[in-house]
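Residues per chain, in single letters:
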Amino acid sequence: MEDGKRKCRILSWLNENFESVFMVAGLLSIILFITWQVIYRYIITQFIERAGAAVWTEELSRYIFIWISYLAVSVAIRKRSSIRVDILYDHLPPRWQRISWIVVDSLFFCLTAVIAWYGWGQIERLMQFPQYTTALRIPFLVPYLILPLGFGLMCLRLLQDLVPQMRRCGPLDSCIGFGLVALIISPCFLCDYIEPLTALFGYFVVLCAIGVPIAISLGLSTLATIISADTLPIEYMAQVAFTSIDNFPIMAIPFFIAAGVFMGAGGLSHRLLTLADEIVGGLYGGMGLTAIVTCMFFGAISGSGPATVAAIGGLTIPAMIERGYDKFFACALVAAAGCVGVMIPPSNPFVVYGVAAQVSIGDLFMGGIVPGILTGLVLMGYCFFYSRRRGWRGQEKKRDIGTLGRAFWEAKWALMVPVIVLGGIYGGIMTPTEAAAVSAFYGLIVGLFLYREMDFKGLWNSCVESCETSSIIILLMAMATLFGNIMTLEDVPGTIARGILSLTESKIVVLLLINVLLLIVGTFMEALAAIVILAPILLPVVTGVGVSPLHFGIIMVVNLAIGFITPPVGVNLFVASGVAKARLERISAMALPMIGLMLLVLLLCTYVPEVPLCLVSGK
């Protein structure tokens, strides 16, 4: 009897944590491998003659990265973590919301099943015609196994989600859900031919509207176009699902996310908050100013807007409310300050844009510093004058050079992260990906051994969270590559560029139109999704009027950062609302003046390129 219970517990644990074991081991391994690569290059080779190059570390890390990214998608499926458009879903009655999940899971299953099936075809070809990796001579069969195994596991997790959902819906509503799925996919099989762009964009719009995650909408619309217009071999989807993320620069994304998570779990937030309070806490609106400065500090570590709001808002919003600040103002202020997290380096949107547009990630990082600081300063100015009118003063306590020095000393390990990242990149010591891995390793050491606020459970949860968060971005980039290849075949970017430039060649007008488009897109689409979809389309337009890809990348990220606080998809607003249990519409109304000030910074960065590019060498 006891043996049976023990076996049940073991099976239950494996069912819950099967992917997590590989994710934790894999993430820690690639952080150590890439850190070792840097140490080996600059230290080991100085003492050992003919040491050679540690080329195996990059190759092995890339393949482990692909494996843990696709395994982590299975975890995201179980938690229903995704980047999607919820406008229609939020206005549906509860019954139709339940039915919509049957539709979403079924369509998601169709895509993963196709990639798993044709991924196995890749394995069969590699078994028949073996190929080997360059450095370690590993059979390509091994890394490519993630296609049938990873996407097959996604199919299993989707079925585990779908079956209970069918029970909740009942037989009638389940049939309605499957009927809607059949209705959506039927044109691909009933029509002999559909124009490629009609199928591509038609399906993408419909799928996004009904709440299918954007990454899956990109993949499914590509699949529908391949079936209905015969643009590419269907086997191509499985191949690109692997090759599109077999890319060393993309690995910077999970590393930067891990660095922020490790430092946050290791006690970073409290120390940064104390330092910021010493700097500005005694002024009018002192706690609000402290929140903004802390968000700027934390943004220089995490590279994520929502993560910044969650980490800093959880501490500062309750503190502001306790000291008499308006609750909705406090939420809006921290949500707006969180936008700085994607401007000040490191920044995940800059990494994604750099990979998509083939622009130096280091230059993008340097170009984001001034817009990030300007945004922080205008928000601080607004907070100061708004608080002064209402008599909200900072906490009265002793503040002098001694207390400031102690706070700075306590936060010294956290403040070293941007020095490592930017110093390593611009000093020519490390690539952005290596700098990201070293910062993650550094965050691990600080959390475990210096601040000593992270235990084994915290380390495990931090690794799982990092992999899960980054996997959503990686899947998005893989599916966007498929989508983009169809657009390239049909010359969509060139057609749009020629169309706009035929209307006007005025640089001022073109940039204004693009900014308006991006602001609209940012109200309903997450920034990373907008970048991977729109960057290839808009780049030919802006380069046609003399704007450099580097300058446009800064414009795009600053613009889409404002989308973090514009409803209905203002992620920072949702996080702040959840922290304070405050109504979203009241927070949104309070954020309007802050959005206006951020638009002024955007216009300055757009039309005076010397402002954002002043720190970029050889601009």
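Residues numbered from 1 in each chain as written. Predicted model: local features only at pLDDT ≥ 70, side-chain atom pairs only at ≥ 80, totals over all residues. Heavy atoms only, no water.

Caption draft 1: Highlighting unusual backbone geometry. P345 connects to P346 through a cis peptide bond whose omega is -5 degrees. Checked against the element boundaries, P346 lands in the loop between α14 (327-338) and α15 (348-357). We note that R137 has phi near 55 degrees; this positive angle belongs to a residue other than glycine. By secondary structure assignment, the location of R137 is in the loop between α4 (94-128) and α5 (141-144). Given a relative accessible area of 52%, R137 falls into the exposed group. In this structure, D230 is a non-glycine residue whose phi angle is positive, near 55 degrees. Tracing the chain through its elements places D230 in the loop between α8 (214-229) and α9 (236-243). (Helix = DSSP H or I, 4+ residues; strand = E, 2+ residues; numbered from the N terminus. Buried < 20%, exposed > 50% of the residue type's maximum accessible area, 1.4 Å probe, protein only.)

Caption draft 2: Examining the environment of L560 more closely. Summarising the element assignment, L560 is placed in helix α24 (residues 549-562). Sequence separation of L560 and E505 is 55 residues, and the distance between their C-alpha atoms is 24 Å. Non-local contacts of L560, meaning those with residues more than four positions away in its chain, are made with L518, G522, A527, A530 and I531. (Contact = heavy atoms within 4.5 Å.)

Caption draft 3: Local environment of the pattern of salt bridges. Per the counting criterion, the structure on display carries 9 salt bridges. Across the pair E453 and R271 runs a salt bridge, and its minimum N-O distance is 3.1 Å. Of this pair, E453 sits in the loop between α19 (432-450) and α20 (456-489) while R271 sits in helix α11 (residues 268-280), placing them 182 residues apart in sequence. On the basis of relative accessible area, R271 is assigned to the buried category, the value being 16%. (Salt bridge = Lys/Arg side-chain N within 4 Å of Asp/Glu carboxyl O.)

Caption draft 4: Highlighting the nonpolar core. One finds Y70, I214, F329 and Y353 to be the most contacted residues of the largest nonpolar core, which totals 220 residues. When residues no more than four places from it in sequence are discounted, the contact partners of Y70 are I146, F151, M154, A241, I245, L475 and A478. (Core = buried A, V, L, I, M, F, W, Y, C linked by side-chain atoms within 4.5 Å.)

Caption draft 5: A look at the state of the cysteines. Under the criterion given, the structure shown has 0 disulfides. Unpaired in this structure, C175 has its nearest cysteine sulfur neighbour in C169, at a distance of 11 Å. A relative accessible area of 57% means that C175 is categorised as exposed. Unpaired in terms of disulfides, C614 finds its nearest cysteine sulfur in C605, a separation of 9.6 Å. Here C614 falls in the partly exposed class, since its relative accessible area comes to 40%. (Disulfide = S-S within 2.5 Å.)

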